[in-house]
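So you can see what is in the structure, the chains are spelled out below.
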Number of protein chains: 2
Amino acid sequence: MSDKKQIAVIGSGGVGAYYGSQLQRQGHDVHYLFNSDYDHVKTHGLSIISPHGNYSFDQVNAYNSVHDMPKCDIVLLALKTTSNHLLEELLPPVTKGNGFVFALQNGIGIEEQVAQVVGPNRVIGGLCFICSVKRGPGVIEHQDYGWMSIGDFNPDNKPSGITPRIKMVADLFQGTPIPIDLMEDLTQARWQKLIFNIPFNGLSVVLSADTKQMTSHPETRDLAWQLMLEVGIAAKAAVDRTITKEFMQDILDKTTVMQPFYPSMKQDHDAKRPLEVEAIHGQVVRYAQAANAKIPHIQTLYQQLKFIDYTTQSTL
Amino acid sequence: MSDKKQIAVIGSGGVGAYYGSQLQRQGHDVHYLFNSDYDHVKTHGLSIISPHGNYSFDQVNAYNSVHDMPKCDIVLLALKTTSNHLLEELLPPVTKGNGFVFALQNGIGIEEQVAQVVGPNRVIGGLCFICSVKRGPGVIEHQDYGWMSIGDFNPDNKPSGITPRIKMVADLFQGTPIPIDLMEDLTQARWQKLIFNIPFNGLSVVLSADTKQMTSHPETRDLAWQLMLEVGIAAKAAVDRTITKEFMQDILDKTTVMQPFYPSMKQDHDAKRPLEVEAIHGQVVRYAQAANAKIPHIQTLYQQLKFIDYTTQSTL
């Protein structure tokens, strides 16, 4: 019983419900917060379609209020960051005194936001690379990929190294088809992920373009490169992390040869969902401003995205 | 006979055919180069719809080749700049030895391009503010406005002052409803026009937005301001002209209170016509680069417009 961890999933969409259900499949005690799908899942359970094999649960621990949920050891936070104004309301009721939040969200400054709600020593973070969407009420379609990188959060901005609790979370996924790696330096990893996200998420929305179009046209390829360089400038100035040009070139090269796809922000835009522009572009602009670093290309893209997001949401 | 000037109109669309026909109405000897509408105009003449009164000519001097046209004293160049690769072919056959080209095109570096073809002392330039479009073959709809500013070209980059030949051209328009003013410094005027054209033409295409949307959202209003400031930086560095912040603020304020409209580049984009991005944004980028001035906001917008223009034209 002492080893039996209780796990809450806050944000049971394509990402949260997929990862949660994989843990449940291993026999873990998983509790899901649902929103609009609550009634359906409560009655009919949860189904997962996946290239690793389909599976379903007739019954899951589904809730539509955090106040009905047990306090958990691990709170898997998989909300879109556009709902992060709800963190104060959602996290405290489900997080045990010695429990922690595992923040699996896009962008930077995520753990800092969670820390403001639950305290600096009660948060770890993760990055995931996964294509998984909700197909209908209670039906998750995991399409491809799935790996996850996990790192601990260090409020004094130093690398945390590999801590017991991130190893413990990785162990929970043993037996699942989800590759996990552990990160010494979560901050470095979050900023490095921006090397893709800043140019390609942003430009895909503004230019209605997929990765192949953006990397093959010389003007957008160069613009992506300028945006990457500015991520590097901001990372150095704001959090004293170095992102090498070799790393940037590698991301550009890999994006060039991948199957063409629409990044997540473009998918959100096409579905008229709010854009995660504050967690990604907005945060970089604010970090850079606070550190007196100039990133005018990112600033331009940020302001364009804000306009597009506002215009889309205000005409719904 | 010595006073009877022959006038060629190169580019007989909404702008060229309207101004040419107003001159013809005053009894001037006007010769029009048409493209696809040649056969229709040759047979049926030219009709102008205008708030100043409709009028038509059963017969006009219409041509479909410059080699059939007389050499003229004044060559009104009203092509879209996207056809400026044709200047070498079009201008020499229609320009008298002591005649000159009156370049009524958007952007900067226009007179310099014309000068390379006909010589530095055979070009003057103008700016116009007019809403006038081709409604069908041989039918021009002049919708609103129409004023024109005319200045002489000085290849050594100094203000030309008010020269006899720009006064002469202004005199040709006497009796028409077209307000004319004469400019001491064409370079200053062309750069000042960019204070509107760089932000609002560019952003209207990238963001699918009209002037009211762009000026009322705080992010795009600020972005427009940053773009204006960079036009000022480029003008100072490249041609030693000062554009004051008061001028910029005035353009921003006027644009804010005008009836909302789509700038010409957005209209071109919606009609899937090539964008005048090289004459406007591209030229500023090149002038700034040559002068070692940094204009990253304009650079970003330029590269986005190049991508959009390429994508639109390559899928026609």
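These numbers come from a predicted model, not from an experiment. (Residues numbered from 1 in each chain as written. Chains lettered and ligands numbered in written order. Predicted model: local features only at pLDDT ≥ 70, side-chain atom pairs only at ≥ 80, totals over all residues. Heavy atoms only, no water.)

Looking at the overall build of chain A
And then number 1: A tally of regular secondary structure across chain A gives twelve helices and ten strands.
And then number 2: Radius of gyration (C-alpha) of chain A: 19 Å, near the 20 Å computed for a compact globule of 316 residues.
And then number 3: On the principal axes, the C-alpha backbone points of chain A span a range of 55 × 40 × 35 Å.
And then number 4: A burial count over chain A gives 56% of its 316 residues as buried.
And then number 5: Taking the intrachain contacts of chain A between residues at least 6 apart in sequence as the baseline, contacts between residues at least 24 apart amount to 69%.
And then number 6: Of the accessible surface of chain A, which amounts to about 13,300 Å², a share of 50% is contributed by carbon and sulfur atoms.
And then number 7: With 27 positive and 32 negative side-chain charges, chain A shows a separation of 1 Å between the mean positions of the two kinds. (Helix = DSSP H or I, 4+ residues; strand = E, 2+ residues; numbered from the N terminus. Rg over C-alpha atoms; globule rule 2.2 N^0.38 Å. Buried < 20%, exposed > 50% of the residue type's maximum accessible area, 1.4 Å probe, protein only. Contact = heavy atoms within 4.5 Å. Areas by Shrake-Rupley, 256 points an atom, 1.4 Å probe, with all protein chains shown as cover. Lys, Arg positive; Asp, Glu negative; His and termini not counted. Charge placed at Lys NZ, Arg CZ, Asp CG, Glu CD.)

Quick word on the interface of chain A and chain B
Where interface size is given, it is often the accessible area lost as the parts come together that is meant.
And then number 1: Every contact between the two is made by 24 residues of chain A and, on the other side, 24 residues of chain B.
And then number 2: Of all residues in chain A, Glu219, Gln303 and Phe307 of chain A give up the largest surface area on contact with chain B, accounting jointly for 31% of the area buried on that side.
And then number 3: In this structure, the connection of chain A to chain B is made through zero salt bridges.
And then number 4: With 13 residues, the top contributor of residues to the side of chain A that touches chain B is helix H12 (residues 296-314) of chain A. (Buried area = accessible area lost by both parts, 1.4 Å probe. Salt bridge = Lys/Arg side-chain N within 4 Å of Asp/Glu carboxyl O.)

A short note on the domain arrangement of chain A
Residues and elements named next belong to chain A.
And then number 1: Taken as a whole, chain A is organised into domain 1 (6-184) and domain 2 (188-314).
And then number 2: Contacts between the two partners involve 23 residues from domain 1, matched on the other side by 19 residues from domain 2.
And then number 3: Taking both sides of the interface into account, the surface hidden between domain 1 and domain 2 amounts to around 1,700 Å²; carbon and sulfur atoms contribute 50%.
And then number 4: Linking domain 1 to domain 2 there are three salt bridges.
And then number 5: A salt bridge links Asp268 to Lys80, with the shortest nitrogen-to-oxygen separation between them at 2.7 Å.
And then number 6: Here domain 1 and domain 2 share 13 residue pairs in polar contact (both at pLDDT 80 or more) between them.
And then number 7: When residues of the side of domain 1 that touches domain 2 are traced back to their parent elements, those giving at least two are helix H4 (110-118) and strand S8 (123-136).
And then number 8: The biggest single contributor to the side of domain 1 that touches domain 2 is S8, with five residues.
And then number 9: Across the side of domain 1 that touches domain 2, the residue classes break down as nine nonpolar, ten polar and four charged. (Domains from an automatic or database assignment. Polar contact = N/O pair within 3.5 Å; in protein donor to acceptor, adjacent residues only side chain to side chain. Nonpolar A, V, L, I, M, F, W, Y, C, P; charged D, E, K, R; others polar.)

Concerning the environment of Gln188 of chain A
Residues and elements named next belong to chain A.
And then number 1: Among the secondary structure elements, Gln188 is positioned in helix H6 (residues 186-207).
And then number 2: C-alpha separation for the pair Gln188 and Leu104, spaced 84 residues apart in sequence, amounts to 15 Å.
And then number 3: Leaving out residues up to four positions away in the same chain, Gln188 has contacts with Arg241, Thr242 and Ile243.

What about the side chain of Lys266 of chain A?
All names here are of chain A.
And then number 1: Structurally, Lys266 is set in helix H10 (residues 264-270).
And then number 2: Residue Lys266 is classed as buried on the basis of its relative accessible area, which comes to 4%.
And then number 3: A distance of 3.1 Å separates polar atoms of two side chains, one belonging to Lys266 and the other to Ser208.

Regarding the pattern of salt bridges
And then number 1: Following the criterion strictly, the structure yields 30 salt bridges over all chains and no others.
And then number 2: Measuring nitrogen to oxygen at the nearest pair gives 3.0 Å for the salt bridge that ties Lys96 of chain B to Asp73 of chain B. You can see Lys96 of chain B sitting in strand S7 (residues 95-103) and its partner Asp73 of chain B sitting in strand S6 (residues 72-77), a full 23 residues away along the chain.
And then number 3: Look at the salt bridges and you will find they share partners, linking Lys80, Asp268, Arg273 and Glu276 of chain A into a network.

Digging into the confidence of the model for chain A
And then number 1: On average, chain A scores 96 in pLDDT, and the residues at 70 or more come to 99%.
And then number 2: Per the prediction output, this complex has pTM 0.93; the corresponding ipTM is 0.90. (pLDDT = per-residue confidence, 0-100.)

Brief notes about unusual backbone geometry
And then number 1: A positive phi angle, close to 60°, is found at Asn292 of chain A, a residue other than glycine.
And then number 2: The topology assignment puts Asn292 of chain A in the loop between helix H11 (278-290) and H12.
And then number 3: With a relative accessible area of 69%, Asn292 of chain A lands in the exposed category.
And then number 4: Its identity is not glycine, yet Asp240 of chain B carries a phi of approximately 55°, on the positive side.
And then number 5: Structurally, Asp240 of chain B can be placed in the loop between helix H8 (218-239) and helix H9 (245-257).
And then number 6: The class of Asp240 of chain B is exposed, set by a relative accessible area of 52%.

A word on the packing of aromatic side chains
And then number 1: Applying the stated criterion to the full structure yields 18 aromatic pairs over all chains.
And then number 2: Both rings, one in Phe196 of chain A and one in Phe261 of chain A, keep their centres 6.0 Å apart while their planes meet at 10°; by these two values the pair is stacked. Placement of Phe196 of chain A in helix H6 and of Phe261 of chain A in the loop between helix H9 (245-257) and H10 is noted, with a sequence separation of 65 residues between them.
And then number 3: Measuring from centroid to centroid gives 5.9 Å for Tyr32 of chain B and Phe34 of chain B, while their planes differ by 35°, and the two rings are tilted. No difference in accessibility class separates Tyr32 of chain B from Phe34 of chain B, as the two residues are buried.
And then number 4: The structure contains a cluster of three or more aromatic residues connected by ring pairs, namely Tyr18, Tyr19 and Phe173 of chain A.
And then number 5: For Arg25 of chain A, the ring lying beneath its charged end belongs to Tyr55 of chain A, and the centroid distance is 4.0 Å. (Phe/Tyr/Trp six-rings, centres within 6.5 Å; stacked < 30°, edge-to-face > 60°. Lys NZ or Arg CZ within 6 Å of the ring centre and 35° of its normal.)

Examining the pairing of strand S1 (residues 6-10) of chain B
All names here are of chain B.
And then number 1: For S1, a buried count of four out of five residues is recorded, marking the element as mostly surrounded by other parts of the structure.
And then number 2: Bridge count for S1 against strand S2 (residues 29-33) is five bridges, and the pairing is parallel. Counted as the bridge partner of Gln6 is Asp29 from S2.
And then number 3: The handedness of the S1 to S2 crossover, carried by helix H1 (residues 14-25), is right-handed.
And then number 4: Where S1 and S6 come together, four bridges link them in parallel fashion. Bridged to Ile7 within S6 is Ile74. (Pairing = 2+ DSSP bridges. Right-handed = clockwise from strand over helix to strand, strands pointing away.)

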